[in-house]
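Examination of the molecular architecture
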Amino acid sequence: MTFSDLITEPRLLTAITELGWHIPTPIQGKAIPAVKEGRDLLGIAQTGTGKTGAFMLPALERQIDKEGLRTLVLCPTRELAQQVAADARAMARHTELWVGEIVGGMPMRPQIRDLKAGFDVIVATPGRLNDHIERGNVDLSQVEVLVLDEADRMLDMGFRPQIEAVLKRLPAKRQSLLFSATMPNGVHALALRILKDPVWVEAAKQSTVADRVEQTLYSVRKEKKADLLVELLQQTHWEQVLVFTARKVGADALSNRLKAAGIKTEVMHGDKDMTQRRRALDAFTEKQIQVLVATDVAQRGLDIEGISHVVNYDVPQQAEDYVHRIGRTARAGASGTAVTFMSAHEITQVRDIERQLGSELPRISLPGYDYDSNFLEASRPAQTAAKVSRSGGRMGTRSVEQLSPEQLRELLKVG
Ligand code: AMP
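Just so it is clear, the model here is predicted, and its values are computed rather than measured.

The rules behind the values
- Residues numbered from 1 in each chain as written.
- Predicted model: local features only at pLDDT ≥ 70, side-chain atom pairs only at ≥ 80, totals over all residues.
- Heavy atoms only, no water.
- Helix = DSSP H or I, 4+ residues; strand = E, 2+ residues; numbered from the N terminus.
- Buried < 20%, exposed > 50% of the residue type's maximum accessible area, 1.4 Å probe, protein only.
- Contact = heavy atoms within 4.5 Å.
- Pairing = 2+ DSSP bridges.
- Core = buried A, V, L, I, M, F, W, Y, C linked by side-chain atoms within 4.5 Å.
- Near = heavy atom within 4 Å.
- Polar contact = N/O pair within 3.5 Å; in protein donor to acceptor, adjacent residues only side chain to side chain.
- Areas by Shrake-Rupley, 256 points an atom, 1.4 Å probe, with all protein chains shown as cover.
- Nonpolar A, V, L, I, M, F, W, Y, C, P; charged D, E, K, R; others polar.
- Phe/Tyr/Trp six-rings, centres within 6.5 Å; stacked < 30°, edge-to-face > 60°.
- 1 Å grid on protein atoms, 1.4 Å probe; cavity = no way out; pocket = protein on both sides within 12 Å on 5 of 7 lines; lining within 4 Å.
- Points joined across faces, edges and corners; volume = space filled by probe spheres on them.
- Right-handed = clockwise from strand over helix to strand, strands pointing away.

Describing the overall build of the chain
Looking only at helices and strands, the chain features 20 helices and 14 strands. A total of 415 residues make up the chain; the buried ones form 52% of that total. For the chain, long-range pairs separated by at least 24 residues make up 75% of all intrachain contacts whose partners lie at least 6 apart in sequence.

Here it is as structure tokens:
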């Protein structure tokens, strides 16, 4: 399939070629014809699947020679809205269509001026769009296509009332497209209410490195993380372990702690020069040391081989970094293991990662390291973590670690 099978408008096809897109992604192949037919659509898709093109190209084609605000896209964050608007501008660059972004954290006045001048497509965050609606700055009565992008995240961020308020201002006769990486109940309910006889499209999840890596998540108090790592290293047979910390000081402190416990460790971070990093790396690849503690920056560009375990001692700030980190194990088709230590203040980051992965990380809660029920409640799926401790009784670190991945999965289902 090529784009000319999906899109007839030459001005869009030229832009697509200039973007370097040759073949439609699976979600584009499925969604574009449905949207062109005027159908409502429910798209289960993560970022990276080409979903923006999937909704924006047919929306642009539909309104290409019309004036006025016909397409409205709601996004959870300013960054995503800016990205979607930039992508839309690139797709529309040979047309007369004007794409605007209406996002929070920016001054109101220029937005008011731009809104008065008239956009054909608006990409907005729900809060700021509502501010403008309430002040009478924007007229949504001509909107023909509504897109809710990353609906799960918008609901998670508490935007439901703002979405409802926007819906009230839209014409009842319109086309609605809803995209979400996951389908929790809230999204399901919203989809049922606003989508009429929708076409379902699901972006086939590509087999990624993340699928080959056995991943688990330990909920552990911040001040207990070092103890937990020492215990895991002492009680298991992990071979070559790459440990990520957020900061240089944290890396140094942890490295000292591990050395004091008799674990052969080196550290690699931005304050170490290239020779020191090389030496640490050689010691690691030659198996003179078991553990290499590193910051994200320090390990970039270095090809580290033979890693059996990656430990996210601190949860990475960016979900992409998580995928990058765990990709350090499971090289060349091998399987590997990644464990993540999550303390209470890292729940949001973990949720972002799970959204990116499109699945939840199995929680393990260890006696002596776990949180009270409030914490487990806050961290999905709470019941899973609770189940492990319950069914395991006095389950020590060793017994969890001795379980095969299959046994562990089985255990997580118990109860
Ligand atoms: P998205 O999932 O919409 O955020 O898109 C992810 C990335 O894939 C963006 O950088 C797009 O520019 C790119 N992309 C989208 N569609 C295609 C395509 N058909 N071929 C190549 N790259 C694409």
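Alright, that's what it looks like, and here's the rest.
Observations concerning the pairing of strand 2 (residues 71–74)
A two-sided burial pattern is seen for strand 2, the buried positions comprising Thr-71 and Val-73 on one face and Leu-72 and Leu-74 on the other. Sheet topology note: the strand 2/strand 5 (residues 145–148) ladder contains four bridges and is parallel. Across the sheet, residue Leu-72 finds its bridge partner in strand 5, namely Leu-146.

With respect to the nonpolar core
Ranked by size, the top nonpolar core spans 41 residues in total, and within it Leu-41 and Met-56 carry the most contacts. Elements that contribute at least two residues to this core include exactly helix 1 (10–19), helix 2 (26–36), helix 3 (51–63), helix 4 (78–91), strand 4 (121–124), strand 5, strand 6 (175–180) and strand 7 (199–202). Look past the residues within four positions of Met-56 in its chain and what remains in contact with it is Val-73, Val-84, Ala-88, Met-91 and Val-121. Within the second largest apolar cluster, 31 residues are counted, among which are Leu-69, Ala-151, Leu-178 and Leu-190.

Re the site of the ligand
In the vicinity of the ligand, the contacting residues are Phe-3, Trp-21, Ile-23, Pro-24, Thr-25, Gln-28, Thr-47, Gly-48, Thr-49, Gly-50, Lys-51 and Thr-52. In this structure, a nitrogen atom belonging to the ligand sits 2.8 Å away from a side-chain N or O atom of Gln-28. In this structure, an oxygen atom belonging to the ligand sits 3.3 Å away from a main-chain N or O atom of Lys-51. For the ligand, whose free accessible area comes to 490 Å², the fraction covered by protein is 68%. Across the shell around the ligand, the residue classes break down as four nonpolar, seven polar and one charged.

A closer look at the packing of aromatic side chains
Evaluation of the coordinates by the stated rule reveals five aromatic pairs. Look at Trp-98 and Phe-119: their rings are 4.9 Å apart centre to centre, the planes differ by 55°, and that puts the pair in the tilted class. On the criterion of sequence distance, the pair formed by Trp-98 in the loop between helix 4 and strand 3 (99–102) and Phe-119 in the loop between helix 5 (108–117) and strand 4 is long-range, its members being 21 residues apart. A relative accessible area of 7% means that Phe-119 is categorised as buried. Ring centres of Tyr-313 and Phe-341 lie 6.0 Å apart, and the angle between their planes is 50°; this geometry places the pair in the tilted category. Of this pair, Tyr-313 sits in the loop between strand 12 (309–312) and helix 15 (319–326) while Phe-341 sits in strand 13 (residues 336–342), placing them 28 residues apart in sequence. Of the two residues, Tyr-313 and Phe-341, neither departs from the other in class, the shared state being buried. Members of the aromatic cluster, joined through ring pairs, are Tyr-218, Tyr-313 and Phe-341.

A few points about the layout of surface pockets
Taken as a whole, the largest pocket spans an internal volume of roughly 710 Å³. Contributing to the lining of the largest pocket are 32 residues, with Thr-47, Leu-80, Glu-150, Arg-153 and Glu-320 lying nearest its centre. For the lining of the largest pocket, the secondary structure elements donating two or more residues are helix 3, helix 4, helix 7 (151–156), helix 15 and helix 16 (347–357).

Some points on the environment of Ser-219
With respect to the helices and strands, the residue Ser-219 is situated in strand 8 (residues 213–219). Put simply, Ser-219 and Ile-347 are 128 residues apart on the chain and 9.5 Å apart in space, counted from C-alpha to C-alpha.

What to know about the pairing of strand 4
Of the two faces of strand 4, the one holding Val-121 and Val-123 and the one holding Ile-122 and Ala-124 are both buried throughout. Two elements, strand 2 and strand 4, share four bridges in a ladder whose sense is parallel. Considered in strand 4, the bridge of Leu-74 is made with Ala-124. With four bridges connecting them, strand 3 and strand 4 associate as parallel partners. Looking across to strand 4, one finds that Gly-100 is bridged to Ile-122. Between the parallel pair strand 3 and strand 4, the chain is carried across by helix 5, and the sense of this crossover is right-handed.

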